[in-house]
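Structural overview
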Amino acid sequence: MPTSPRCSRAFTTLLLALLPALPCIGAPQVQLVGVMGSRALFLVDGQRQMLGVGASAAGIRLLALQGDTAEIDFGGQRMTLRVGASPAALVPSGAPAPAAQEIVLAAGPGGHFVTQGAINGRAVSFLVDTGATTVAISQTEAQRLGLDLSGGRRALGSTANGKVPVVLVTLTRVRVGEVEVANVPAVVMPQPMPYVLLGNSFLSRFQMRRENDVMRLELRR
């Protein structure tokens, strides 16, 4: 039976009344474009907003400026933005933050990418090694991390000094920055190493881009 015009109008009125209560999909994005004296230029979802300290627009309030950084408030959440950094998601305080999808690394001395992270919740220092098949950990570091090697598979690994006995394990969680990856294959080496080598068992989970001295790792979907 065809719907009457009166019913259609009633349904449309009800739908429009409900729309404001529906949650927005996707958090707004903000980026600090530049700092000019006591004012800062932002892009908020692609719209330019020039703010002085203490001023508000588009839901953000500029709290402080220092050099090329700005501290802002959005719905009770404070964050620090830097000129040239990637856009940040604005999530009000108390709202669940979206899972991070990208790691941005800057090259250090010698062009190496060194960063802090965690294995199974324990802090470690990583050195990005695109030539390594897996994440590589020294035996001393594995002991510090409390890794159980009793169930690991024994094998021979190739090093610059020839073949060495290694233990193959799976790391429950590997975290770099705000991005965490589960079930990452790794190898435990007998020789001491200053860093945990972040090899391709972790890196292959990402789309890698190199821009001069900046490496971007975007989590594959």
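Below is a short write-up of the structure. Owing to the predicted nature of the structure, the values given are computational and were not obtained by experimental measurement.

What to know about the side chain of Arg216
Topologically, Arg216 is positioned in strand β18 (residues 214–219). Using a relative accessible area of 15% as the deciding quantity, one classes Arg216 as buried. Among the polar contacts made by the side chain of Arg216, one reaches the side chain of Glu211 at a distance of 3.5 Å.

Side note on the pattern of salt bridges
Here the structure, examined in full by the defined rule, presents 10 salt bridges. With a closest N to O distance of 3.1 Å, Arg82 and Asp68 form a salt bridge. Of this pair, Arg82 sits in strand β7 (residues 77–82) while Asp68 sits in the loop between β5 (60–66) and β6 (69–74), and the two are 14 residues apart along the sequence. On the basis of relative accessibility, which here comes to 35%, the residue Asp68 falls in the partly exposed class. Arg78 is the salt-bridge partner of Glu71, the closest N and O atoms lying 3.3 Å from each other. Judged by its relative accessible area of 58%, Arg78 falls in the exposed class. Overlapping salt bridges, with partners in common, bring together Glu102, Arg209, Glu211 and Arg216 in one network.

Comments concerning the side chain of Thr69
With respect to the secondary-structure elements, Thr69 resides in strand β6. Reaching out from Thr69, the side chain makes a polar contact with the backbone oxygen of Gln66 at a distance of 2.7 Å.

With respect to the sheet that holds β18
Strand order in the open sheet formed by three strands is β9-β18-β17, with antiparallel pairing between adjacent strands. Both outer strands of the open sheet, β9 (102–106) and β17 (206–211), are each paired with one neighbouring strand and no more. Between one strand and the next, the sheet's axes are offset by a mean angle of 15°, whatever the strand orientation. When β9 meets β18, the two strands line up antiparallel, connected through five bridges. Bridge pairing links Leu105 to Met215 in β18.

Concerning the environment of Arg122
Tracing the backbone shows Arg122 in strand β11 (residues 122–128). Residue Arg122 is classed as partly exposed on the basis of its relative accessible area, which comes to 38%. Remark: the alpha-carbon pair of Arg122 and Arg173, spanning 51 residues in sequence, is separated by 9.8 Å. With residues near it in sequence (within four places) discarded, Arg122 still touches Gly117, Arg144 and Leu145. In this structure the side chain of Arg122 is engaged in a polar contact, spanning 3.2 Å, whose partner is the backbone oxygen of Arg144.

Looking at the pairing of strand β14 (residues 162–176)
Inspection of the sheet shows strand β10 (residues 114–119) paired to β14 by three bridges, in the antiparallel sense. In the sheet register, Gly117 faces β14, and the bridge partner there is Val176. As judged from the seven bridges shared by strand β13 (residues 153–159) and β14, these two strands associate in the antiparallel manner. Residue pairing for β14: Ser158 is matched across the bridge by Lys163. Pairing of β14 with strand β15 (residues 179–189) involves nine bridges; the strand directions are antiparallel. Pairing of Leu168 across the sheet is with Val187, part of β15.

What to know about the sheet that holds β6
Read from one edge to the other, the open sheet built from four strands follows the order β4-β5-β6-β7, with strand pairing classed as antiparallel. Of all the strands in the sheet, just β4 (56–57) and β7 have a single pairing partner and so form its edges. As judged from the two bridges shared by β4 and β5, these two strands associate in the antiparallel manner. Within β5, the position partnered with Ala57 by the bridge is Ile60.

Rules of the game
- Residues numbered from 1 in each chain as written.
- Predicted model: local features only at pLDDT ≥ 70, side-chain atom pairs only at ≥ 80, totals over all residues.
- Heavy atoms only, no water.
- Helix = DSSP H or I, 4+ residues; strand = E, 2+ residues; numbered from the N terminus.
- Buried < 20%, exposed > 50% of the residue type's maximum accessible area, 1.4 Å probe, protein only.
- Polar contact = N/O pair within 3.5 Å; in protein donor to acceptor, adjacent residues only side chain to side chain.
- Salt bridge = Lys/Arg side-chain N within 4 Å of Asp/Glu carboxyl O.
- Pairing = 2+ DSSP bridges.
- Axes fitted to C-alpha atoms, helices over the stretch in contact; angles between N-to-C directions.
- Contact = heavy atoms within 4.5 Å.

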